[in-house]
Structure formats: C-alpha cells, structure tokens
Amino acid sequence: MRGRLSLAAATAAVLCLPVQAGAEERGFDVPRGRLSSTLPALSRQAGVSISVVDAKLWDARVKSVRGRMSIDEAIRRMLAGTDARAVRVSATSWRIERKAPVRAVYRPPPPLQAALPRAREPAQDMVAGAQDEIIVTATKTDLPYSHFAGVATQLDGGDLAFGGERGMESILSRVATVSSTHLGSGRNKLFIRGIADSSFTGPTQATVGQYLGDIRLSYNAPDPDLRLYDIDAVEILEGPQGTLYGAGSLGGIIRTVPKAPDAREMTLQAIAGLSLTQHGDPGGDIAGIVNLPVGDDGHALRLVGYMITDGGYIDNPLRGQTDINRTHIRGGRGKFRFDAGNDWTIDVGGVYQSITADDAQYTDKDAPPLSLNSMVEQHAKARYGMGTLVVMKDWDDLHFQSSNAFIDHRLFERFDASLPDAEEGMNTPGGGSNAATPVVGTVDVVRLFAPRDIGVLGNMPRVLDQHNATRMFVSENRLSRPYDDGLGWVIGASFIHNRARQQREFGYGNLRAVVPGVINEVTEITGYAEATVAILPDLIATGGLRLSRARLGGSADGVPFAVIDAGREMTASRTETDLLPSLSLLATPLTNLRVYARYQEGFRPGGLAVDRNFVRRFRNDQVRTWEAGVRIGQRGQTPFDASIAVSHSDWRDIQADFIDGDGFPTTANIGDGRITSLSGALAVRPTSALTFELSGVYNHSRVEKLSPQIALIALASPGRLGRIPNVASHAARGSVSYVTALGSDEDFRINGWASYIGPSRLGIGPVLGESQGDYVDTGIAMRYGDARRGLSLTLTNLFDSRGNRFSLGTPFVEGNEGYMTPLRPRTLRIAIDVAY
C-alpha cells in the first residue's frame, strides 16, 4: 500500500501550496528551538513542503527567523550554525540533509518530479511526502509517527485519485482493516478492525468517526461517501479513539485532509474520464479545481466541482429493463481563507453533494447473473450539506484552533415490500408514490400492510419508503503544543447537538400508510486532555482522559397519541456520563525497531428504536481495547519496512440491528462480545522506482451473554449468532507500483493491486444470517504524462468476477433471502488531466 505510514526515524514536516516560491518574500515569525517544532511553523508560513532525511537532525537546535524575506533566505537563517543544509527539490519543496552524507544509511534517490499524477497544488498543514516520516496530525499534537504508539495509515491524495476518483471505494481497496456494507453509495456503514454492529442505517451511532479536516462529518448517519478530489491525504487511526474523538470512534477514525487555498498564484485543473463497463452502460466523470488569490493581503479562495455517472449493469427481466442501477453524483466544495494578520487565520467553507441511484444494487442469487426480479423501482437519494468556520492562531510553540460546522444530511430509500404472491402484470414502476394521497390510520393499516399478512388488498406491488433526516451542530476548541524536546500536549472541549428523524411508510399503488418512526436527539459536552512525554531517551509515554456528558431525548413519530402517552416515561430525557482514559508506551530498543503497547476506550450513547408499534430504549455500549505491536524499518531509509499488531477488544452491551416480528429492522443491545484482531503490513523497495506492498488482517469475534430478546432468536437460528456481523474473518491486499522517466519531463507510472475479502455474515437471526464475502477484487492503473497534462487508463475487476459483497437486498419480502451484491463487472476507464 503506497500510502502505508512509514515506521521511520526519518522525519518530515510538510505543508503545502504550489507555485514559484523561492524568491518571493514573505513574512516570518518562527521562534528558535528544536527543528521538530520550528520546521512545521516555517513550512506553514512559507506554504511549501520541507522534508528531513536524517532522523538525528530532528533534535538539532536552530535559530529564530523573523521579518520579511525569501523562503531560501528563511531556511538558510534557520539552519545557520548547524551541520544541516537545505536542497531545493522543486519549486515548492525542499529537503534538509546533513552537509556530509551519512554513507551507512540506505537512502534511495528522491522520486522524479514527473512521477506526480497531477499538477502540484497547495497542501494542508503537516502532511509528509511518501519518502519521509509521517506527522500524524490526527493526534492533534503533530506527533511524528516514530513517536506514535499504534497503527496509523496515511494515504496520499494523489495516489487515491490515481486511476479515477472512487470515493470510499478508493480507501477500501487500499486498507485491509477497513470494511463496509454495500447498499449503495451514500448508504453504507463503515467498520474498522472488526468493530461492526449492523447492516442498516438506524438510530445507532456509527462505529467509525469520519472527519473532513477537523470537522466531524456525521453522528448516526451513513457514510456520505464524499468524492476525494483535491485531497492532500487520508489518515486512518485503528482502534478506539475515545480520548481525543469521543463517542462514535469505537473502531477508529478516518480523517480526510483537503488542500488549502493558496494566496500566491491562480491555478486551474481539470479531469475528464469515460468508463466502459462490460455487460452494462457506459459512464463518465468530469471535475474542475480552481485556486484564486483574493487581493494582496494573503486571502484566497479554492473551489472544487464534479459530476460522475456510474453506468448500470443489472437487468430486471420482470419489468423488461436493462442496466437499471445507474448512479449519478454531483457535488462541490469551497473554502475562503482570510488572513487576519498577527498569525490569525479564518477559513469559511462549505460542502454539498447529491447521490441518486436509479435502482437497487443487488441481484437474485437463483436468477441469471446480474439480474433482479422485482416489481418496483428501488431508487435512493442522498443529500449532504455542510457549512464550516475554522479559526486558527500560532504563536511561539502553541497552536489554537476552533472548528465549527452545521451539517444537514438527508437520505431517502425505497425497498421492495411486495406481498409473496403479487402478480407481475399489476406493477407500475414507481408505484405512484409521488402522488398526493391521504395518510390513513396508522395501527390498523400497518397491520393490514404487514409483510406477513396479505390482507384484502390483492396481489399488487408494494413499497416501503424510508426517510432519514439528520441535523448536527458541532464545535471543538483546542490548544496544543506540538511534540518537541520530549513533550507534547493538547487540551480541548467540544459541543455536539444532533437530531435524527427516521420516518417510514408503506405504499400500495396510491394508498399510503405511515409506519411508526422515531426521533433521537443528543446534546454532548466534553472536555479532554492528552500528553506525550519522553520518559527516557528510548521510551515515550502517552496518556489522556476524556469526560463526556450527554443528554439524550427523543420521541415516537407517526404513532397514535395514546401510544405516545403510554411510552412517555420511556422517551423522557436522560443523561449519561462517560470517562474515557487512554495510556500507551513506545520503546526503541534497537535502531529501526519500535515496540509499543496501548490501552484505549470508546463508547456510543444510547437512544430510542421502533419495535413494531412501540418505541423502546437501547443502552449505551462501550469498547475496551488492549493492543501491542512491533514496527521494523523506516520508509525511505531502509529497503523494506514491516509492522505487526495484535489487539483484543471487550465490547459491552453491543448495539445492533435485527428483524422484528413484522419484518422491520430494529435496534437493541444484543449482548457482550469479544474481538481479537491480528494485522500486518510489509513494503519492499528493491529500487527507487519499484515498490511491492502486502497487508492482511485476521479477525476472530464472538457474541456472548445474549440479551433475553436475542436469546429467543438464537433458538430459531442456531449457529448464526456466534460471530459479529459484516466483518470478514480474514482479508489481504497486495500491490506493485513502478514509475520510470520517459524523456525530459514525462514519466510512465503503473500500479496493480489485488484484494481478497474473506467470508462474513450479514447480521443476526434467520433473515440476516446469510453468508457473504469470499471474493477477490483486482485492478491496474497507468498514466503517461507530466505534472501539467497526462493520459490515464484504468482497468478494474480484471477477471470479471461476480463475488458477493453484501447479502442484503430487501428484508421486507417474505420467503426470498437469496440476495447478493456483485462486484462491478470489468470496467475500463480512459481519462485526461490538465493543469495551468
């Protein structure tokens, strides 16, 4: 995996922004101190990438830099009197190395600039180059990876975009420990390292925390699957991250770092591609990225826009339609950076994306390949909008940041809920669901429409429409001291208010019937602190604590007043208080060898769920994880690097979904569980141009101490409750990358990969106990060109295999559990990219 974090003692601090930077004068205010703390500040103020090749230089004492001067002069003044020198690699990057080369250390030559898949653009704070050690910005103290006790993966934004932008699919194909459901783009749930709860988008909070920069993307909504255009990097921290990130990070976090506006030069980039899918319709994608300086005072605007169409490949013989599952994605992102002076920076931004799926993504197992027999059109629509305000200031060795956002996330899904003997000829696509029709009495009609009661309505197609609407306000304020001279710390506070409403209704022709829904509200106030201290020269300790107080409330939606009044005690507001400690130790007994141990906790607050015509509570759940690991070698410094980690998690009162007596998904605490995970990664670089990478994970999970409600289901489906759902018992990934120069400016780059996803189960009980997984996915991507223009060709699913990514079709059709979600058939994409 090209973006796998190095284990290096070699280091880098990078920051970004394209353009001719060397001679232009800028204002600098960088205090003296160790290179590890001063270099990030100089990089940020200069807007360039500066890497450090020799790890021992990290502790070098350097001079202060103040006043207006060129970047060359600023770096020269900083390094004056040391045994280090700066070598300019490109217009926007420098490399710091010793004046006398250290022959004992393997150091491959720097990569060719022509190897970049796209034009150089502004980068975000503290993202290191591929040959350098990573600064783990997700720790909130800019901690070098050599000092981080845990498993962190950083995927380069250029690598993610190489071969075509695929959103979360790009991440899933590169990281063996991250998995997902596959209902469709904008509808999926993500899991890391075996911490998985269910297949549905219900009232439970996600087990993976997702962030855009330092802004939380969602609370209890599905993955919005934002497209990864104009991204610097994606950071993945495995295991609970409760101390720094609070509720909803049981399995870990995924943090996407977007590129920042550049106040020095206008840049423009465009990408366009055409896709041809075997057995299906063609598709296409187009995107534009523009950076605009505003005035002469350091202000800038950066905009991203894109349109993507994925061609369909599933046929519906029952309706006489082909390629029904076409998907349309439209979106954009913008940020205005205001330089307020005196090292104050204000970013105002926004994100919007819409995803429309024309029909379902699943097929019938017992039908011809890539075909689905359904009488209704099961379309889905996801709309995601976010507005952000981020205020930052740097002074001396401290950094302050206030991150604030408002999110509006809406999802509509339609499921086939036809009665078992419904006739083909009576279907009208769409079912007349858009007509204005009266809502009939809830309880009686729900019973009439119940999946297991045909009633008197005859054999007609029937749909179940589900609407999820989530609104969230989030604010986090923190003060940090980046790790330097054996000490780094962060202290902060956050506020979250989230309101999620789930509404459901049956549609039978023009007749509509409201099904009980639920409203969940949570207000969470937290304070946290964490510190990293070098106890001994080769021993580093990190400890932290988070105190969270959440107020939970909600109500039933779409049920008679008498039912609401009877359950008033159940839906009354209540509070929960959680204390989440963390502790880790990292030792370096030998050069290029690091050993660590870590303890961390995570939790999710409780909530309300619908069970038939009633609303009931489910409790909070909590994960405690012990982890140990070894890292060998240093990326960019040694011919290979490797890591292995083992973790054990105790999961108390697991929140999960199952099917109730009326065929609806509902949520409950199913019991306690244990998860043991073993993961490893290996990267070998025979030459500077060739890289082999291999990674894998093994998960062993068990659900124990079943709750009484789930114990009854266990009697009906013995053998289907042992494993935690939706996580493969094992998975592996391998890749090969090669780049070579062709001419003075052009290069040719090729990357091939293969992933194996092992078997797993869909969920709990007789309806959700289906097996899935056990398939191989493959692909190859190549590009010829330079930094300003290029031609790309990508081929995915090389062997045109089907596989079964997800066994959930619709839970509302009785007697048909034979569903599968196949891989997209072999697809060829041809694309061009240009930059000015």
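Residues numbered from 1 in each chain as written. Predicted model: local features only at pLDDT ≥ 70, side-chain atom pairs only at ≥ 80, totals over all residues. Heavy atoms only, no water.

1. Thoughts on the overall build of the chain
Basically, it comes down to this: Helical segments are the DSSP runs of H or I of at least four residues, strand segments are the runs of E of at least two, and each set is numbered from the N terminus. For each residue, the accessible area found with a 1.4 Å probe, counting protein chains only, is set against the maximum for its type, and the residue is called buried under 20%, exposed over 50%, and partly exposed in between. For this analysis, residues touch if any pair of their heavy atoms sits within 4.5 Å. Accessible areas in this description were obtained via Shrake-Rupley with a 1.4 Å probe; residue shielding takes into account the shown protein chains only.
Tallying secondary structure elements over the chain gives 10 helices and 46 strands in all. Counting across all 836 residues of the chain, residues that qualify as buried make up 62%. Within the chain, residue pairs in contact and separated by at least 24 positions form 70% of the contacts whose partners lie at least 6 positions apart. A total of about 30,400 Å² of accessible surface is found on the chain, and carbon and sulfur atoms cover 58% of it.

2. What about the pairing of strand β17 (residues 252-258)?
Put simply, the rule reads: Note on pairing: two strands pair once DSSP finds at least 2 bridges between them.
Buried residues dominate β17, accounting for seven of its seven residues. Going residue by residue along β17, you find Gly-252, Ile-254, Thr-256 and Pro-258 tucked away on one face and Ile-253, Arg-255 and Val-257 tucked away on the opposite face as well. Pairing geometry for strand β14 (residues 208-212) and β17, over five bridges, is parallel. Among the inter-strand pairings, Gln-210 is bridged to a residue of β17, identified as Ile-254. Relative to β17, strand β16 (residues 231-238) runs antiparallel, the two being bridged by seven bridges. By the bridge assignment, Glu-235 is partnered in β17 with Arg-255.

3. Quick word on the sheet that holds strand β11 (residues 152-156)
Taken in spatial order, the five strands of this open sheet run β11-β16-β17-β14-β15, and their pairing is mixed. The open sheet has two edge strands with one neighbour each: β11 and β15 (215-216). The pairing of β14 with β15 spans two bridges and is classified as antiparallel. Looking at β15, one finds that Tyr-211 is bridged to Arg-216.

4. What to know about the pattern of salt bridges
Two side chains that carry opposite charge are able to pair once their charged atoms sit near each other. Where we set the bar: The salt bridge definition used is simple: a Lys or Arg side-chain nitrogen within 4 Å of an Asp or Glu carboxyl oxygen.
The final tally for this structure, using the stated rule, is 45 salt bridges. Residue Asp-197 pairs with Lys-189 through a salt bridge whose shortest N-O separation is 3.2 Å. The two residues Asp-197 and Lys-189 agree in class, both being buried. Here Arg-598 and Glu-627 are joined by a salt bridge, their closest N and O atoms 3.2 Å apart. Taken together, the residues span a long stretch of sequence, with Arg-598 in strand β32 (residues 593-604) and Glu-627 in strand β35 (residues 621-632) at a distance of 29 residues. Arg-598 sits in the buried class, given a relative accessible area of 11%. Glu-627 sits in the buried class, given a relative accessible area of 4%. By sharing partners, the salt bridges in this structure join Lys-140, Asp-214, Glu-235, Arg-255, Glu-476 and Arg-478 into a single network.

5. Description of helix α1 (residues 35-46)
Note the following rule: Expected helix span is taken as 1.5 Å per residue step, with the number of steps being one fewer than the number of residues.
Taking 1.5 Å as the rise per residue, α1 with 12 residues should run 16 Å; its terminal C-alpha atoms sit 15 Å apart, in good agreement. Across the 12 residues that make up α1, a large majority, 11, are buried. Among all positions of α1, only Leu-35, Ser-36, Ser-37, Thr-38, Leu-39, Pro-40, Ala-41, Leu-42, Ser-43, Gln-45 and Ala-46 are buried. The first or second residue beyond α1 is Gly-47, which carries a positive phi of 75°.

6. A look at a nonpolar patch on the surface
Which entries qualify depends on this criterion: Patches here: salt-bridge-free residues with over 30% relative accessible area, like charges joined within 9 Å, nonpolar side chains (Val, Leu, Ile, Met, Phe, Trp, Tyr) joined within 5 Å.
Residues Ile-632, Phe-640, Leu-682, Val-684, Phe-692, Leu-694 and Val-736 make up a contiguous nonpolar surface patch of about 550 Å² in total accessible area. Contributions of two or more residues to the nonpolar patch are made by β39 (672-687) and β40 (690-704). Of note, Phe-640 is situated in strand β36 (residues 640-652). Phe-640 gets classed as partly exposed once you look at its relative accessible area, which sits at 39%.

7. Some thoughts on unusual backbone geometry
One non-glycine residue, Asp-230, lies in positive phi territory at about 55°. Within the fold, Asp-230 resides in the loop between β15 and β16. If you check the backbone angles, His-279 has positive phi at about 70° while not being a glycine.

8. Re the side chain of Asp-214
Quick reminder of the rule: Pairing of N or O atoms within 3.5 Å defines a polar contact, subject to two protein rules: one partner must be a possible hydrogen donor and the other a possible acceptor, and residues neighboring in sequence count only if both atoms are side-chain atoms.
Inspection of the secondary structure assignment puts Asp-214 in the loop between β14 and β15. Given a relative accessible area of 17%, Asp-214 falls into the buried group. In terms of polar contacts, Asp-214 uses its side chain to reach the side chain of Arg-478, at 3.4 Å. Not counting residues up to four positions away in its chain, the partners in contact with Asp-214 are Arg-255, Gln-401, Ser-403 and Arg-478.

9. A few points about the confidence of the model for the chain
Our working definition: pLDDT expresses, on a scale from 0 to 100, how confident the predictor is about each individual residue.
Scored by pLDDT, the chain comes out at a mean of 82, with 82% of its residues at no less than 70. The secondary structure element of the chain with the lowest average pLDDT is strand β26 (residues 439-440), at 32, and the one with the highest is strand β22 (residues 344-357), at 97. Counting interchain partners and residues more than four positions distant, the pLDDT-below-50 stretch residues 1-22 has 139 contacts. Low confidence marks residues 422-456, where pLDDT is under 50. Its contacts with residues over four positions away, or in another chain, come to 78 contacts.

10. Here we look at helix α2 (residues 71-79)
Condition: Relevant arc is that of directions from the helix axis to the C-beta atoms, nothing else.
Burial in α2 covers these residues: Ile-71, Ala-74, Ile-75, Met-78 and Leu-79. Considered in projection along α2, the buried side chains sweep an arc of 120° and stay on one side of the axis.

11. Remarks on the packing of α1 against α2
Angle between the axes and distance between the axes are the two parameters that describe a pair of packed helices. For clarity, the threshold we go by: For helices, the fitted line uses only the C-alpha atoms of the stretch in contact; every axis is such a line through C-alpha atoms, and the angle between N-to-C directions lies from 0 to 180 degrees. Angle categories: roughly parallel below 35 degrees, roughly antiparallel above 145, roughly perpendicular from 65 to 115, and oblique for all the rest.
Where α1 meets α2, the axes come as close as 11 Å, and the angle between the chain directions of the two elements is 170°. As the angle between them shows, α1 and α2 are arranged roughly antiparallel. Contacts from Leu-35, Thr-38, Leu-42 and Ala-46 of α1 reach α2 at Ile-71, Ala-74, Ile-75, Met-78 and Leu-79.

12. Quick look at the packing of aromatic side chains
Threshold: For Phe, Tyr and Trp, rings pair up if their centres lie within 6.5 Å, where Trp contributes its six-membered ring, and each pair is then called stacked (planes under 30 degrees apart), edge-to-face (over 60) or tilted (otherwise). Definition used: whenever NZ (Lys) or CZ (Arg) falls within 6 Å of the ring centre and also within 35 degrees of the ring normal, the charge is taken to sit over that ring.
According to the stated counting rule, one finds seven aromatic pairs in the structure shown. Consider the rings of Tyr-362 and Tyr-819, whose centres lie 4.9 Å apart with planes at 70°: the pair is edge-to-face. Of this pair, Tyr-362 sits in the loop between β22 and β23 (363-364) while Tyr-819 is found in strand β45 (residues 819-820), placing the two residues 457 residues apart along the sequence. Here the two residues Tyr-362 and Tyr-819 agree in accessibility, since each one is buried. It is Arg-462 that lies over the ring of Phe-506; its NZ or CZ is 4.6 Å from the centre. Geometry around Tyr-145 places Arg-631 over its ring, the cationic atom sitting 4.1 Å from the centre.

13. Some points on the environment of Ala-272
Its place among the elements puts Ala-272 in strand β18 (residues 267-277). Between the C-alpha atoms of Ala-272 and Ala-287, which are 15 residues apart in sequence, the distance is 6.5 Å. Aside from chain neighbours lying at most four places away, what touches Ala-272 is Asp-285, Ile-286, Ile-830, Ala-831 and Ile-832.

14. Observations concerning the side chain of Ser-173
Looking at where Ser-173 falls in the secondary structure, it is placed in the loop between α4 (168-172) and β12 (178-180). For Ser-173, a relative accessible area of 9% translates into the label buried. Of the polar contacts made by the side chain of Ser-173, one reaches the side chain of Arg-166; its length is 3.1 Å. Excluding anything up to four places from it in sequence, Ser-173 contacts Arg-166, Arg-733, Trp-753 and Ser-755.

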